[in-house]
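# Fold and contact review
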Amino acid sequence: MKGDLYRRLRSWLKRWVFRGRQEQELAAEMEFHREQLIAQFRAEGMTQREAELAARREFGAFADAYQEEARDAWRPMSLSAMLRDLRLAFRAMRRSPGFSVLAILTLGLGIGACTTMFSVIQSTVRSALPVAEQDRLFFFWEDNAALGIDQFSQSVPNFVDYREQTTSFESLIGTSSGNVSLATGNQAARHAQAVQISAGFSRTFGWPMLVGRDFLAAEDVPGGEAIAIISERLWRDAFQAREDVVGREVLIDRTPHRIVGVVGAQADLYGETDVFRPLRPDASAGDRDNHWLTVVGKLKPGVTVAQAEAEIDLIAASLRAQYPDTMKGWDAHLELLADQLIPPAWRQGLNLLLGAVGLLLLIACANVANLLLSRSLMRERELAIRTSLGATRGQLARQLLSETFVLAAAGAVLGVVLAYWGLEAVRALAPSDLPRIDEIAISGPSLAFAGCACVACTLIAGLLPALKGSQTTPAPNLGGTAKAAGGTLQRSRLRDTLVVVQVALSLTLLVGSGLVLRSFARLSQVDPGFDASGVLTFQIAPDEATYRTGADMVSLFERLHDKLSALPGVTGVAQTSGLPFGDGRTSLNVFPVDPAAVPAEESVQASWRIVDADYFDVLRIPLTEGRAFTARDNDWEAPTIIISRRLAERFWPGQSALGKRVNPGGGDAHYTVVGVAEDIRLRDLSGASENPQMYFPTPLWAGWRHQSFAVRTVVPPETLGNAVQDAVRTIDPAQPIFGLNTLASLAQRDLRLPRLSAWLLSIFATLALLLAAIGLYAVMSTAVAQRTREIGVRMALGAQRRAVVAMVLSHGGRLVVLGTVAGLLLSMGAARALSAGLYGSPTFDLVVFGVAALVLVGTAALSLLLPARRAAGVDPVVALRSE
Amino acid sequence: MIRRIMAKPLRNELLQGTLDLLVLQVLSQGKYHGWDVAKRISLLSSDRLTLKQGSLYPAMHRLEAQGWIAADWGVSEAGRSAKFYHLTRSGRRQLEAERAHWESFVDAMGAVLSGQEASE
């Protein structure tokens, strides 16, 4: 404790007092002395530790004595000089409170906005994922360039083959997550996410086992006892974190599983997971073309990605040679885990916002530089007196810089406070699928960032004014007027330039946010192709132990369908394998079968869904041709399909698709088209990654276990949640449902990032506009104040007030025009850079450019009015007498 | 018998300049670094005067600032670089003056304490 104090004291001494050569020498001398002392104590029989402690005790006494004596013996020059500068700066700050408040607010807003965005990016993109050694962890995807398939899961036999043959990886972990019902001794069954995972996963990912052990390699083979590892969360909730949990049971899908371990909370890599079961891959039973396993590999230390991929390519080639049918065109590649878990759209969006706040910070700095320049004009006398008293230019510059630093530091403190609120707002607005959204916080790095921003602001905003302000010559200013000083004209030119820069940057930010706003507006008006209002949705995944066959499930779903239809306010109930904007991503390559169509090689990747008879009705998706499914669409001898209009037009341009046949997935089954539906947006409102769609009939695919229900109501859908829960419970009390949500909010999910960007950018742009207006106003006011005498003379000589106003306006107007032109040029560059992320906007959206320029010029004109009025109000007599 | 004199009592009890005198005296006998100065003082005083570096180093630097001692960096017996101090010419004069002053002071004290008039 005391030693700690002493260490701190010593480091403080070292940093502040032991400055300069003399101090360094003293430190070396003391160190030498201390070593001798320790050596002596050692010789007297103390242990090394005792000797060090004893020496430290002696030095504790020294530190006290030293402080007293040192003050007389040496003056730590830089420290006291610095403190004096800071004291002076504080005094100067108090002397002009209005100026200080304005500068601190300006910098606080800029630093606050930057710190907010930095914290978001830091917490989501940059901070370490909850895995150890993340630079060695890779997703191991399969791909098939010929079929246009990238980043596909692996098939089990391939996983087993790769794992046996590769030498580049320390381990390959296969994972697959699924929905289960979960119950413990004292808790009712609920829905949970369960992950099947290879043995050794805790070591590979660096997740600690809190209790018990990881799965053993011997357990990770087909057959064997039902065992599970549970999450820390489940352990605390259901088992009160008891150490003796190992050996107890948890019911997964109503089947008892013996618990063998508890894994640390980091294991939520794929969202909240409560139970882990051994993967138990069965290569002999697995289909080589059934790709459902997500594989993560950990490279051996020292193995590069290129080496590993070269080896994978060789193995893939041998697999293709061995299994030409199922492996045709299949290859594999690696993707860094860290890269994959942050979607590129997020990265881009967040970086865009960081760029925008950076711009805002620059504008704020330009503004404060301007304020400082105006003030140094007014302080010319004070500075001149200092110069004649012998202050060097360096000293003056240092003092002016310290003043800026004090302002910037206060701004940084304010900024951090603002950032707290900013983060609240971001947390409230940001989509919940933003990775690690809950972890967004002001962290150490954020504070460090605010500190750097503070220093950067000091330099950017303070350097020019300090250099200019310290350029004072003593004589003329003491006796004469400010006008006589050579620096003034130059300085006002500098200030004019700063205003032009501010106007240009503000316009760029205005245009940029205008473009994003327009894009957001267009996106939010996109018709997804279905009617999302008034629909409540939920998901259900009956477990295999209770509902063994397709018939079991069909009976459950039918009873559920009847119960839900009978609820008051419900007008329709539909069932599907996956909702639009839901989690599932299913697509298959589909080939036209009829020779009349396009050549079979021109297959198309199409998204697919299994839907029931009411699906198109309940979601209000128009059928352009043919019919919806019926209960009779259940014949595997003559399977039926509904395809989307885009797919129909692609295969049979200008013809009716009804009665034509397609071959999804390239297998044996040939489906006859019985209906054509309008294309809808399934995943992506902008449609950029949208495939055409095809629909399989529920009766044909009765074995599909994971189903979503859509309930159309005439009452607000969210009010039906409890009734729906009850309906399920009366049919099977142990069957949990999950994902209860309105369809509208699902469809809105895609809008959250654009909404966040648009909202934040509008705020930034408004702030920028405000700052530019303040900057312009400050420059023009000072200019008028400086030229009061000149204006007075002009008026005395007969100049009209109108001419005086025109003079002020033309000066300000010139700055605005120059800034606007520069800003438009900058904006064109910014628009080009932005265009990739925008929806449906032309790169040079004339409306946005025009409106932004008008808003800017209008605001600028407003900020010119007051100074112009003041100039017009100059009384020539007073103005002349005041000199 | 004073075994160890803490920095503060030493400074308070010794008359002003006594510490300086001790340091000057030690340095009149050769080049020493701070550690050795302290060692020698405690050795010569049979451990009755033990300096703390808290008083020693400021005193040394004060003497250096006065120009009475000078220092250069050298290599210690242990092969480590250390700052060695030595007496300057004006330091030697100062030592003689202070020594005379001290001896006269001790003489006077002794006379008073013994109840006899001093020899001078």
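Residues numbered from 1 in each chain as written. Chains lettered and ligands numbered in written order. Predicted model: local features only at pLDDT ≥ 70, side-chain atom pairs only at ≥ 80, totals over all residues. Heavy atoms only, no water.

Per an unreviewed UniProt entry, chain B goes by PadR family transcriptional regulator and derives from Actomonas aquatica.

An unreviewed UniProt entry lists chain A under the name ABC transporter permease, from Actomonas aquatica. Regarding chain A, the relevant UniProt record gives this comment under Sequence similarities (unreviewed entry): "Belongs to the ABC-4 integral membrane protein family." UniProt's Subcellular location (unreviewed entry) comment on chain A is quoted here verbatim: "Cell membrane". (UniProt positions renumbered as here; feature names shortened; annotations may be inferred.)

### Things to note about the overall build of chain A
Scanning chain A from N- to C-terminus turns up 26 helices and 23 strands. Out of the 883 residues in chain A, the part that is buried amounts to 50%. Sequence-distant contacts in chain A: of pairs separated by 6 or more residues, those separated by 24 or more amount to 80%. Approximately 39600 Å² of chain A is accessible, and the part contributed by carbon and sulfur atoms is 58%. (Helix = DSSP H or I, 4+ residues; strand = E, 2+ residues; numbered from the N terminus. Buried < 20%, exposed > 50% of the residue type's maximum accessible area, 1.4 Å probe, protein only. Contact = heavy atoms within 4.5 Å. Areas by Shrake-Rupley, 256 points an atom, 1.4 Å probe, with all protein chains shown as cover.)

### Describing helix α6 (residues 156-165) of chain A
Residue and element names in this part refer to chain A. In terms of burial, α6 is largely enclosed, as seven of its ten residues are buried. For α6, the set of buried residues is Val 156, Pro 157, Asn 158, Phe 159, Val 160, Asp 161 and Tyr 162. In the core, the buried residues of α6 are packed alongside β1 (137-144), β3 (154-155), β4 (169-184), β11 (291-299), α9 (305-322) and β12 (330-336).

### Description of the nonpolar core
Counting residues in each nonpolar core, the largest one holds 117 residues, and the members touching the most others are Phe 530, Ile 621, Tyr 695 and Phe 764 of chain A. Not counting the four nearest positions on each side in its chain, Phe 764 of chain A is found in contact with Ala 113, Met 117, Leu 353, Ala 356, Val 357, Leu 360 and Leu 509 of chain A. (Core = buried A, V, L, I, M, F, W, Y, C linked by side-chain atoms within 4.5 Å.)

### So, the confidence of the model for chain A
All names here are of chain A. Chain-level pLDDT for chain A is 83 on average; 87% of the residues reach the 70-or-more range. Helix α15 (residues 474-479) is the least confidently modelled element of chain A, averaging 44 in pLDDT, while helix α18 (residues 615-618) averages 96, the highest of any element. Counted against residues more than four places away or in other chains, residues 64-77, with its pLDDT under 50, gives 20 contacts. A low-confidence stretch, residues 474-487 stays under pLDDT 50, and its non-local contacts, those more than four residues away or across chains, total 18 contacts. (pLDDT = per-residue confidence, 0-100.)

### A word on the packing of aromatic side chains
Centre-to-centre distance and the angle between the planes together describe a pair of aromatic rings. All names here are of chain A. All told, the structure shown has 26 aromatic pairs over all chains when counted by the stated rule. On the basis of an interplanar angle of 50° and a centroid distance of 5.8 Å, the ring pair of Trp 608 and Phe 696 is categorised as tilted. Placement of the pair is Trp 608 in strand β16 (residues 604-611) and Phe 696 in strand β21 (residues 693-697), with a sequence separation of 88 residues. The pair formed by Trp 608 and Phe 696 is uniform in burial state, with each residue classed as buried. Geometrically, the ring pair formed by Trp 701 and Trp 704 is edge-to-face, given 6.4 Å between the ring centres and 70° between the ring planes. With a relative accessible area of 24%, Trp 701 lands in the partly exposed category. Taking the relative accessible area as the measure of exposure, Trp 704 reaches 30% and is therefore partly exposed. Three or more aromatic residues joined by ring pairs form one cluster here, namely Trp 608, Trp 636, Tyr 671, Phe 696, Trp 701 and Trp 704. Sitting over the ring of Tyr 323, Arg 288 keeps its end group 3.6 Å from the ring centre. (Phe/Tyr/Trp six-rings, centres within 6.5 Å; stacked < 30°, edge-to-face > 60°. Lys NZ or Arg CZ within 6 Å of the ring centre and 35° of its normal.)

### A look at the sheet that holds strand β2 (residues 69-75) of chain B
One open sheet accounts for three strands, arranged β1-β3-β2 (chain B); its pairing is antiparallel. The open sheet has two edge strands, β1 (32-33) and β2 of chain B, and neither has a second partner. (Pairing = 2+ DSSP bridges.)

### Quick notes on the side chain of Asp 20 of chain B
Tracing the chain through its elements places Asp 20 of chain B in helix α2 (residues 18-27). With near-sequence residues (within four places) excluded, Asp 20 of chain B lies in contact with Ala 59, Arg 62, Leu 63 and Glu 98 of chain B.

### Brief notes about empty space enclosed by the protein
Residues and elements named next belong to chain A. One pass over the full model with this rule turns up four cavities of 30 Å³ or more. By volume, the largest cavity is sized at about 70 Å³. Around the largest cavity sit Leu 372, Arg 375, Ser 376, Arg 379, Leu 400, Glu 403, Thr 404, Gly 462, Pro 465 and Ala 466, which together line it. Looking at the lining of the largest cavity, the elements that each hand over two or more residues are α11 (344-378), α13 (393-429) and α14 (444-469). The residue makeup of the lining of the largest cavity, split by class, is four nonpolar, three polar and three charged. Its boundaries defined by the atoms lining it, the second largest cavity holds a volume of some 50 Å³. The wall of the second largest cavity is formed by Met 780, Ala 783, Val 784, Arg 787, Ile 791, Met 807, Val 808 and His 811. The residue inventory of the lining of the second largest cavity, partitioned by class, reads six nonpolar, one polar and one charged. (1 Å grid on protein atoms, 1.4 Å probe; cavity = no way out; pocket = protein on both sides within 12 Å on 5 of 7 lines; lining within 4 Å. Points joined across faces, edges and corners; volume = space filled by probe spheres on them. Nonpolar A, V, L, I, M, F, W, Y, C, P; charged D, E, K, R; others polar.)

### A look at α14 of chain A
All names here are of chain A. Taking 1.5 Å per residue, 26 residues should reach 38 Å; α14 reaches 36 Å between its end C-alpha atoms and fits that length. The largest bend in α14 is about 45°, located at Gly 462, with the proline Pro 465 one to four residues further on. Three or more residues of α14 are buried, namely Ser 446, Ala 450, Ala 453, Cys 454, Cys 457, Thr 458, Ala 461, Gly 462, Pro 465, Ala 466, Lys 468 and Gly 469. (Expected span 1.5 Å × (residues − 1). Bend = angle between axes of the 7 residues up to and from the residue.)

### So, the pairing of strand β18 (residues 640-644) of chain A
Residue and element names in this part refer to chain A. The buried fraction of β18 is high, at five of five residues. Side chains of β18 alternate between two faces, with Thr 640, Ile 642 and Ser 644 and Ile 641 and Ile 643 buried alike. Sheet analysis places β18 next to strand β20 (residues 671-677), joined by five bridges and oriented parallel. By the bridge assignment, Thr 640 is partnered in β20 with Thr 672. One ladder, built from two bridges, connects β18 with β21; its direction is antiparallel. Residue Ile 643 lies in a different strand from β21, and its bridge partner there is Met 694.

### Some thoughts on the packing of helix α23 (residues 788-796) of chain A against helix α24 (residues 801-834) of chain A
Residue and element names in this part refer to chain A. Put simply, α23 and α24 touch, their axes get as near as 10 Å, and they point 150° apart. Regarding the angle of α23 to α24, the classification is roughly antiparallel. Between α23 and α24 lies a crossing whose hand is right-handed. Within the contact between the two elements, α23 uses Glu 790, Ile 791, Arg 794 and Met 795 and α24 uses Arg 801, Val 804 and Met 807. The residue inventory of the contact of α23 with α24, partitioned by class, reads four nonpolar, no polar and three charged. (Axes fitted to C-alpha atoms, helices over the stretch in contact; angles between N-to-C directions. Parallel < 35°, antiparallel > 145°, perpendicular 65-115°, else oblique. Left-handed = near helix turned anticlockwise from the far one by under 90°.)

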